[in-house]
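# Summary of structural features
As a plain string of letters, each chain reads:
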Amino acid sequence: MLHMPHQPLQVAAVPPQRAPAREDQAGPWHSEAVCRRDEAGLFFAPSKEPTAARLSREEAAKQVCARCPVMVECREHALVQPEPYGVWGGLTAAERRVVLARRRRRDIELKAASQAGRIAAAG
Ligand code: SF4
């Protein structure tokens with residue numbers, strides 16, 4: 001039942017439940033994953049997958065994630081790594097890129113606000 005979530009099939013032949021080294025990196029959350037090693041095809045795109053098939057597959061993968069007790073941990077793992085391929089924590093790779101871009105913007109804004117506050121306090 002361990003889906004120390006997926007390795008992209010087109011990049012590496014190691015499927016979801018992952019190799020022990022990756023499990024160690026991921027932390028204890030993966031032991032509660034509901035996805036299975038043999039479900040890698042659901043979470044990772046085969047080469048030359050048509051758009052309609054991709055959308056359907058990703059939706060099915062997200063439905064698995066939606067009932068997973070470690071979805072938040074999995075998602076954060078995929079964001080922090082970052083994992084470039086596949087559905088992790090209910091997010092596709094494209095969706096994770098959006099989240100990461102938002103986080104970067106937020107960090108920049110917070111840093112700017114902090115610097116402005118220090119300048120105002122010093123002035
Ligand atoms: S959130 Fe999804 S990808 Fe992550 S462990 Fe659970 S079922 Fe697997």
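Model, not experiment: these values are computed from the prediction.

### Focus on the UniProt feature "binding site: [4Fe-4S] cluster" (unreviewed entry) in the protein
UniProt records the feature "binding site: [4Fe-4S] cluster" (unreviewed entry) at Cys35, Cys65, Cys68 and Cys74, using the numbering of this structure. For the residues just named, distributed over 40 residues, the greatest C-alpha separation is only 11.2 Å, placing them together at one site. Within the secondary structure, cysteine 65 is located in helix H3 (residues 51–66). With respect to the helices, strands and loops of the structure, cysteine 74 is situated in helix H4 (residues 71–80). The exposure class of cysteine 74 is buried, given its relative accessible area of 7%.

### Focus on the packing of H4 against helix H5 (residues 93–122)
A pair of packed helices is captured by two measures, namely the crossing angle of their axes and the spacing between those axes. For the pair H4 and H5, the least separation of the axes is 10 Å and the interaxial angle reads 70°. Relative to H5, the element H4 lies roughly perpendicular. Between H4, through Glu76, Ala78 and Leu79, and H5, the contact on the second element is made entirely by Arg96, Val99, Leu100 and Arg103.

### Structural notes on the nonpolar core
Of all hydrophobic cores here, the largest spans 15 residues; its most connected members are Cys35, Phe43, Val64, Val70, Val87 and Trp88. Of all the elements in the fold, those that place two or more residues in this core are H3 and H4. Ranked by the residues each element gives to this core, the list is headed by H3, at three residues.

### So, H5
Here H5 spans 43 Å end to end across 30 residues, near enough to the 44 Å set by a 1.5 Å rise per residue. Within H5 the residues assigned to the buried category are Ala93, Arg96 and Leu100.

Analysis parameters
Residues numbered from 1 in each chain as written. Predicted model: local features only at pLDDT ≥ 70, side-chain atom pairs only at ≥ 80, totals over all residues. Heavy atoms only, no water. UniProt positions renumbered as here; feature names shortened; annotations may be inferred. Helix = DSSP H or I, 4+ residues; strand = E, 2+ residues; numbered from the N terminus. Buried < 20%, exposed > 50% of the residue type's maximum accessible area, 1.4 Å probe, protein only. Axes fitted to C-alpha atoms, helices over the stretch in contact; angles between N-to-C directions. Parallel < 35°, antiparallel > 145°, perpendicular 65-115°, else oblique. Contact = heavy atoms within 4.5 Å. Core = buried A, V, L, I, M, F, W, Y, C linked by side-chain atoms within 4.5 Å. Expected span 1.5 Å × (residues − 1).

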